[in-house]
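# Coordinate analysis (summary)
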Protein chains: 2
Amino acid sequence: MENPKASAKMRIAIDAMSGTNAPLCVIQAIKTITLDANDIEFLIYGDEIRLIQLLKEYNVSENAYKIVNTQSIILDTDKPTEALRNKKDSSMRCAIDSVLNHEASACVSAGNTGALMLTARMVLGSIQNVKRPAIAGVLPTLGSTIGKAIFLDMGANISCDEIALSQFAIMGVCFAKILLGKDNPTIGILNVGSEESKGRDLEQKTYTLLSTLDNFIGYVEGHDVIHGKADVIVTDGFSGNIFLKASEGAAKLCLSQFKSAIYSNILTKICGLLMKPFFQKKLEFLDPRKNNGAMLIGINGIVVKSHGSSDDIAFTNAIRVAVNLARNNVNEKIVEEMRKLNHEDESLSLFTKIKETSAKILGIKKSDE
Amino acid sequence: MENPKASAKMRIAIDAMSGTNAPLCVIQAIKTITLDANDIEFLIYGDEIRLIQLLKEYNVSENAYKIVNTQSIILDTDKPTEALRNKKDSSMRCAIDSVLNHEASACVSAGNTGALMLTARMVLGSIQNVKRPAIAGVLPTLGSTIGKAIFLDMGANISCDEIALSQFAIMGVCFAKILLGKDNPTIGILNVGSEESKGRDLEQKTYTLLSTLDNFIGYVEGHDVIHGKADVIVTDGFSGNIFLKASEGAAKLCLSQFKSAIYSNILTKICGLLMKPFFQKKLEFLDPRKNNGAMLIGINGIVVKSHGSSDDIAFTNAIRVAVNLARNNVNEKIVEEMRKLNHEDESLSLFTKIKETSAKILGIKKSDE
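Computed from a prediction, not measured in an experiment: that's the story for all the values here.

Looking now at the overall build of chain A. Each helix and strand counted, chain A has 13 helices and 11 strands in total. Here chain A has a C-alpha radius of gyration of 22 Å; the compact-globule value for 369 residues is 21 Å, and the two agree. Principal-axis analysis of the C-alpha atoms places the extent of chain A at approximately 65 × 60 × 40 Å. Here chain A holds 369 residues, and 56% of them are scored as buried. Taking contacts inside chain A between residues at least 6 apart in sequence as the whole, the part at least 24 apart equals 71%. Carbon and sulfur atoms provide 51% of the accessible area of chain A, an area that totals close to 16,000 Å².

Below, the discussion takes up the interface of chain A and chain B. Every contact between the two is made by 47 residues of chain A and, on the other side, 47 residues of chain B. In total, about 4,700 Å² of surface goes out of reach between chain A and chain B, with carbon and sulfur atoms giving 82% of it. At the surface where chain A touches chain B, the tally comes to 2 salt bridges. Salt-bridge contacts for Lys245 of chain A lead to Glu221 of chain B; the nearest nitrogen and oxygen are separated by 2.4 Å. Of all the secondary-structure elements, those providing two or more residues to the side of chain A that touches chain B are helix H8 (222–226), helix H9 (237–262), helix H10 (266–283) and helix H13 (345–368) of chain A. At 19 residues, H9 of chain A tops the list of elements feeding residues into the side of chain A that touches chain B. Looking at side-chain class alone, the side of chain A that touches chain B contains 27 nonpolar, 14 polar and 6 charged residues.

Right, let's get into the packing of aromatic side chains. Enumeration over the complete set of coordinates arrives at 12 aromatic pairs over all chains. Ring geometry for Tyr207 of chain B versus Tyr219 of chain B: centroids 4.8 Å apart, planes at 50 degrees, classification tilted. Of this pair, Tyr207 of chain B sits in helix H7 (residues 201–210) while Tyr219 of chain B is found in strand S8 (residues 216–220), placing the two residues 12 residues apart along the sequence. Tyr219 of chain B carries the same exposure label as Tyr207 of chain B, and that label is buried. Linked through ring pairs, Phe258 and Phe279 of chain A together with Phe258 and Phe279 of chain B together constitute an aromatic cluster. Residue placement shows Arg200 of chain B over the ring face of Phe238 of chain A; its charged tip is 3.7 Å from the ring centre.

Residue and element names in this part refer to chain B. By the secondary structure assignment, Glu48 is in helix H2 (residues 48–57). Classification of Glu48 as partly exposed rests on a relative accessible area of 33%. Glu48 sits 129 residues away from Lys177 along the chain, and the two C-alpha atoms are 38 Å apart. In this structure Glu48 touches Ile67 and Asn69, once residues within four positions along its chain are discounted.

Residues and elements named next belong to chain B. With 9 of its 9 residues buried, strand S5 (residues 134–142) lies for the most part within the structure. Along S5, one buried face is formed by Ala134, Ala136, Val138, Pro140 and Leu142 and the opposite face, lined by Ile135, Gly137, Leu139 and Thr141, is buried too. In this structure, S5 lies alongside strand S10 (residues 294–297), joined through 3 bridges in antiparallel fashion. Note on S10: the bridge partner recorded for Ile135 is Leu296. Across 6 bridges, S5 lies against strand S6 (residues 146–152) in antiparallel orientation. Considered in S6, the bridge of Val138 is made with Ile150.

Okay, the nonpolar core next. Within the largest apolar cluster, 76 residues are counted, with the highest numbers of intra-cluster contacts made by Phe151 and Phe243 of chain A together with Phe151 and Phe243 of chain B. Once residues within four sequence positions are removed from consideration, Phe151 of chain B is found in contact with Ile135, Ala136, Gly137, Leu139, Leu190, Val225, Ile233, Thr235, Gly240, Phe243 and Leu244 of chain B.

This part is about the relation of the copies chain A and chain B. If you rotate chain A by 180 degrees and push it 0.0 Å along the axis, it lands on chain B with an RMSD of 0.0 Å. When the rotation and shift are considered jointly, the pair of chain copies conforms to a two-fold rotation axis. Among all residues of chain A, the minimum C-alpha distance to the rotation axis is found for Ser247 of chain A, at 2.3 Å. Looking at the interface residues of chain A, 100% of them are also at the interface in chain B, so both copies use one shared face.

Let us look at the sheet that holds S6 of chain B. Through backbone hydrogen bonds, the strands of a sheet pair up, either in parallel or in antiparallel fashion. Residues and elements named next belong to chain B. Strand order in the open sheet formed by 11 strands is S3-S2-S1-S4-S11-S10-S5-S6-S9-S7-S8, and the pairing between neighbours is mixed. Each edge of the open sheet carries a strand with a single partner, namely strand S3 (65–69) and S8. Direction aside, the axes of adjacent strands within the sheet are offset by 25 degrees on average. Along the sheet face, H2 touches strand S2 (40–46) and S3 and points at about 155 degrees away from the line of S3.

All names here are of chain A. For chain A, the mean per-residue pLDDT works out to 89, and 90% of the residues sit at or above 70. Below pLDDT 50 for its whole length, residues 1–6 participates in 15 contacts with residues either more than four positions away or in separate chains. The low-confidence segment residues 345–350 (pLDDT under 50) makes 9 contacts with residues lying over four places distant or belonging to another chain. Across the predicted assembly, pTM comes out at 0.88 and ipTM at 0.87.

Further remarks concern a nonpolar patch on the surface. A cluster of nonpolar side chains, namely Ile266, Leu267, Ile270 and Leu274 of chain A together with Ile266, Leu267, Ile270 and Leu274 of chain B, defines an oily patch on the protein surface of about 750 Å² accessible area. Relative to the elements of secondary structure, Ile270 of chain B occurs in helix H10 (residues 266–283).

Here is what the cut-offs are and how they apply
- Residues numbered from 1 in each chain as written.
- Chains lettered and ligands numbered in written order.
- Predicted model: local features only at pLDDT ≥ 70, side-chain atom pairs only at ≥ 80, totals over all residues.
- Heavy atoms only, no water.
- Helix = DSSP H or I, 4+ residues; strand = E, 2+ residues; numbered from the N terminus.
- Rg over C-alpha atoms; globule rule 2.2 N^0.38 Å.
- Buried < 20%, exposed > 50% of the residue type's maximum accessible area, 1.4 Å probe, protein only.
- Contact = heavy atoms within 4.5 Å.
- Areas by Shrake-Rupley, 256 points an atom, 1.4 Å probe, with all protein chains shown as cover.
- Buried area = accessible area lost by both parts, 1.4 Å probe.
- Salt bridge = Lys/Arg side-chain N within 4 Å of Asp/Glu carboxyl O.
- Nonpolar A, V, L, I, M, F, W, Y, C, P; charged D, E, K, R; others polar.
- Phe/Tyr/Trp six-rings, centres within 6.5 Å; stacked < 30°, edge-to-face > 60°.
- Lys NZ or Arg CZ within 6 Å of the ring centre and 35° of its normal.
- Pairing = 2+ DSSP bridges.
- Core = buried A, V, L, I, M, F, W, Y, C linked by side-chain atoms within 4.5 Å.
- Least-squares fit on C-alpha atoms with pLDDT ≥ 70 in both.
- Axes fitted to C-alpha atoms, helices over the stretch in contact; angles between N-to-C directions.
- pLDDT = per-residue confidence, 0-100.
- Patch = residues over 30% accessible without salt bridge, like charges linked within 9 Å, V, L, I, M, F, W, Y side chains within 5 Å.

Okay, structure coming up:
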């Protein structure tokens, strides 16, 4: 197959077999996209017989896709290392391979996050000078108006140092420019307070590094994130994951209690019905499906992770994220930003100095204990 | 003043000057408590003139309190170390001193958390063998029924090791037995996944230590906490704070959007009014005021932290927590549990061994980097 850049159409590789609702939701999403845009072509990886059936059922234009039959599926229970070693013929692996071989400009998968990250890192490699790739996603915010913020790391790096966290910020800004359409997105570090003295060594050292950037606004607390205080919020993957699951859990609980109140009796049901459009209008922006599609950022190729329980609306969004990132050459922008960082005195050389100092401090602290 | 234990009444020391709504909410709370119980006496620390005015205005029985005039107030902006050194005549410090001098069985303050913790540690000291005191509070949960869980550390220890975290679990169980009234509360570690391999060194080592306890249920994820998967959830103060602020932020956002939908037009306002009691019923358990009152656990004396923005309902709850903990001799129970831990082969000796091993592993990892 020819290079996707030479072709008039953009080609997106799809892992059609991963996720709770695959392959049905995947095919429905592809159908939606093809109705909107005729300059996108899909390379669909999965069980050919089942895919052909569904594509026919949904009447997807034959010009819009090519199916590549694959032999296995990476399960959520598979260990990433084993998936990498033993499932080279899986829909996920083949979709990633297609990005390596320039058969596709990006790939999308709703599969096992650990396996996706490890496979993407091993197959595609990291962008030059990127210490750690991360998972960057979109969060809904409500400040003076409804908005969005880029949040990373969502869980790829259980722990990381200040260099990695500062790089997340740089990469997050590239992502935010494309996805939020902002010229100069602001950066905040997730922390337990907004004063400079707050947080762990990690937050304080990252603060020092990022404070050289004019779009750095300092620390943001948990509740600030949702109020859109910063466009890009960086934290390690452990805190990021705790943050996400806590807010998702609380939001879901509130919504389920509201629904439960509406189902109290016939009167409340009628009121609920009358109010439904107003509730929907006010809560629509919180729908996680509308913000689905996280980028494995720092990988040398565009890989988008869709939520494991994605339905067609969620998967459609993940594809749109992939298309958007590919059209805007996100990785070229990241390479450029990382290159700048290497050439400017204030940045990587400073990073290195601070890292050396911090290693010494940590060494002293360790021996004190 | 005589020893509170010798007196028929239980004496509770109150920092009446700290918090956004002090001293008004404090006096209102004292009024509420005195209407419910006549076996509690308050030692109220603060600006005597103002307090007398308010106590008269609210017609609080003169038998229920003694006022001790204090000269200064610890502000939220005060650095803990400076508050400790320079504000020995503050309402907060004097309330803590009264616990040291056995003039009160417990004290309650809505003041600066850092200053309260530092002052309590320095004045009262830690319970023997307790490595780090923590902040333990109550969270509402909704599993099959509405319930509560004990969560710690809420933010006292930005970082801590597996020994401290395991001790949080032991102390949290004592707290849960009293506040939740459960015979054998279950323990969970906050983590990014439920499999044994998940999390950082901290979670994995704490898992090893706690797995010797029969009420340990393993890891709980962010969204599991609110579903009541464990009675006691332990984590370091950084993750704990991120968790709390993320869930509070998300819950508040959902509620404000619901309210905003109800205010859309006259029809929605009428429906909202009709549905109000049902919404209230379903959401009441989430009201943070109803679960207000966190214990500085591991301190050699009962110190309860009320939220800085407490109103009278919230402060009343904080006083109730203090009374409950004092009546049930929580610290004697903690001392007993810590003593057991020291005498059993499976526990502290194991703790020490694992700590040594982990120090070695960390040393190797550090030199690898």
